[in-house]
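Fold and contact review
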Amino acid sequence: MGGDHGPNVVVPALAAVAVRRPDIRFIVYGREEAVRPELDKFPALAGKSEFVHCDVAVRMDDKPSQALRHGRWKSSMWKAIEAVKSDASEACVSAGNTGALMAMSKFCLRTMATIDRPAIAAIWPTLRGESVVLDVGATIGADAHQLIDFAILGTGMARSIFGIDRPTVGLLNVGVEEIKGQEEVKEAGRMLREAAMASMTYHGFVEGDDIGKGTVDVVVTEGFSGNIALKTAEGTARQIAGYLRAAMGRTLMARIGYLFARGAFNTLREKMDVSRANGGVFLGLNGIVVKSHGGADSEGFAAAVELAYDMVRNRLLDRIEADLDLFHARNPQSTTMKKPAVADDGEDR
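Throughout, residues of each chain are indexed from 1 in the direction in which the sequence is written. Local features in this predicted model are restricted to residues whose pLDDT is 70 or higher, and side-chain atom pairs enter the listing and the counts only when it is 80 or higher, whereas totals over whole chains, interfaces and linings include all residues. Side-chain measures were taken over the full set of non-hydrogen atoms in the model, leaving aside hydrogen atoms and water.

Moving on: the side chain of S49. The topology assignment puts S49 in strand β2 (residues 49-53). Given the relative accessible area of 16%, S49 is considered buried. Within the local environment of S49, its side chain forms a polar contact with the backbone oxygen of L45, the two atoms lying 2.7 Å apart. Only DSSP runs of H or I covering at least 4 residues are called helices, and only runs of E covering at least 2 are called strands; the numbering of each starts at the N terminus. Three labels apply to residues, based on accessible area from a 1.4 Å probe with only protein chains included: buried if under 20% of the type maximum, exposed if over 50%, partly exposed otherwise in between. We define a polar contact as two N or O atoms separated by no more than 3.5 Å, with the added condition that, inside protein, one atom must be a possible hydrogen donor and the other a possible acceptor, whereas residues neighbouring each other in sequence contribute only through side-chain atom pairs.

Rendered as structure tokens:
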């Protein structure tokens, strides 16, 4: 029910994924008068989906605390998350209100035993392929221990999605020198070096331009800078695409040149299409929840669904739990030194 387009995008996306992933099944939550007409357009979904009517849909402008008070137990968003908790579903995907989705997910599923705060991880296209970047918006500010948690969470995701045995991990900083940066970042770097985790290779500090280069497989930062980096990259991609469209139609010779180079431009367009990397993963919870961009088209939402599918198939949660157990077994002081978690914006989460 969420996002800019609601079931008009979600249902066609499910139909497309059902063709590509024949073993997948869906439970669709929403208002019947909005969802049923869309489902009826795709008869093949009938054998692969179950529809559950919900009277309440969380609005895109609802505050997290408001959504929890009025949407708990009966909203489509809550019921989709609750299905993961009850094992009726193995993952939840939504294009709805990000704050409400995070608040409900954290309240319903709870964080893993040693995790203070969850993180939102994004798949980032790079010159070398793809990287995992987290946190991109869940936690504003983070101490050294939370940054280490993010590194372990991101490593588990990279191992699950990319099939890498020991992903390289970098801490986003204002420079690569060890003397630069905030104390929390420097302390996290020292602890990661000393931990010598078997599941990851700690690279050191990375700068903003290293994200697009693909210098490391996992880039770790806190949510304020991570969200700015994500939105800046998406805006830059759209800006360059706009420049190219304007340049290609400027003169007759430019249009002729485009005809000869159409294949190369199509490849570039695909690389710069932000919807192809759609899906922010809520890591650190006792369940898989994926947040699609609110403005994603059907192919973009399908990408978020397939991301959730791949994480379930590759046992993401089991990998993360094993890595967390190993780290804390080797570093018992890490759990006793953590600060209590507090809400970032004063909302009752």
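Okay, back to it.
The strands making up a sheet are joined through hydrogen bonds of the backbone, oriented either antiparallel or parallel. One bridge is not enough; two strands pair if DSSP finds at least two bridges between them. The strand order across the open sheet built from 8 strands is β3-β10-β9-β4-β5-β8-β6-β7, with neighbouring strands paired in mixed fashion. Strand pairing shows two members of the sheet lacking a second neighbour, β3 (92-94) and β7 (201-206), which therefore form its edges. Going across the sheet, the axis of each strand differs from the next one's by a mean of 25 degrees, ignoring polarity. Both strand β6 (residues 168-172) and strand β8 (residues 218-220) contribute to a ladder of 3 bridges, which runs parallel. Bridge pairing in β8 links V169 to V218. Residue contacts follow a heavy-atom distance rule, with two residues in contact if any of their heavy atoms lie within 4.5 Å. Inter-axis angles, ranging from 0 to 180 degrees, are taken between N-to-C directions of lines fitted to C-alpha atoms, where helices are fitted over the stretch in contact. Packing of helix α5 (residues 98-109) onto the sheet brings it into contact with β3, β4 (119-126), β9 (280-283) and β10 (289-291), and relative to β10 it is tilted by some 175 degrees.

With that settled, consider the state of the cysteines. For this text, the term disulfide refers to a pair of cysteine sulfurs within 2.5 Å. Throughout the structure, instances matching the rule amount to 0 disulfides. In this structure C92 is a free cysteine whose sulfur lies 9.5 Å from that of C108, the closest cysteine sulfur available. The buried category is assigned to C108, whose relative accessible area is 4%.

The next thing to look at is the environment of I164. By the secondary structure assignment, I164 is in the loop between α6 (144-162) and β6. In this structure, the C-alpha to C-alpha distance between I164 and S199, residues 35 residues apart in sequence, is 9.4 Å. Excluding anything up to four places from it in sequence, I164 contacts A158, R159 and D217.

Turning to helix α4 (residues 76-85), a few remarks are in order. Burial analysis of α4 places 7 of its 10 residues in the buried class, which makes it a mostly covered element. Taken residue by residue, α4 has S76, M77, W78, A80, I81, A83 and V84 as its buried positions. Where the residues of α4 are buried, they touch β1 (26-30), α3 (64-71), β3 and α5. Just downstream of α4, D87 is the residue with a positive phi angle, here 70 degrees.

Here the focus is the pattern of salt bridges. One speaks of a salt bridge when a side-chain nitrogen belonging to Lys or Arg is within 4 Å of a carboxyl oxygen belonging to Asp or Glu. In the structure shown here, the tally under the stated rule is 17 salt bridges. The salt bridge involving D61 is made with R59; its shortest N-O contact spans 3.9 Å. Measuring nitrogen to oxygen at the nearest pair gives 2.9 Å for the salt bridge that ties E178 to R193. With a gap of 15 residues between them, E178 in the loop between β6 and α7 (183-195) and R193 in helix α7 connect regions that are remote in the sequence. In the salt-bridge network here, residues are joined through shared partners; they are R20, R21, E299, E306, D310 and R313.

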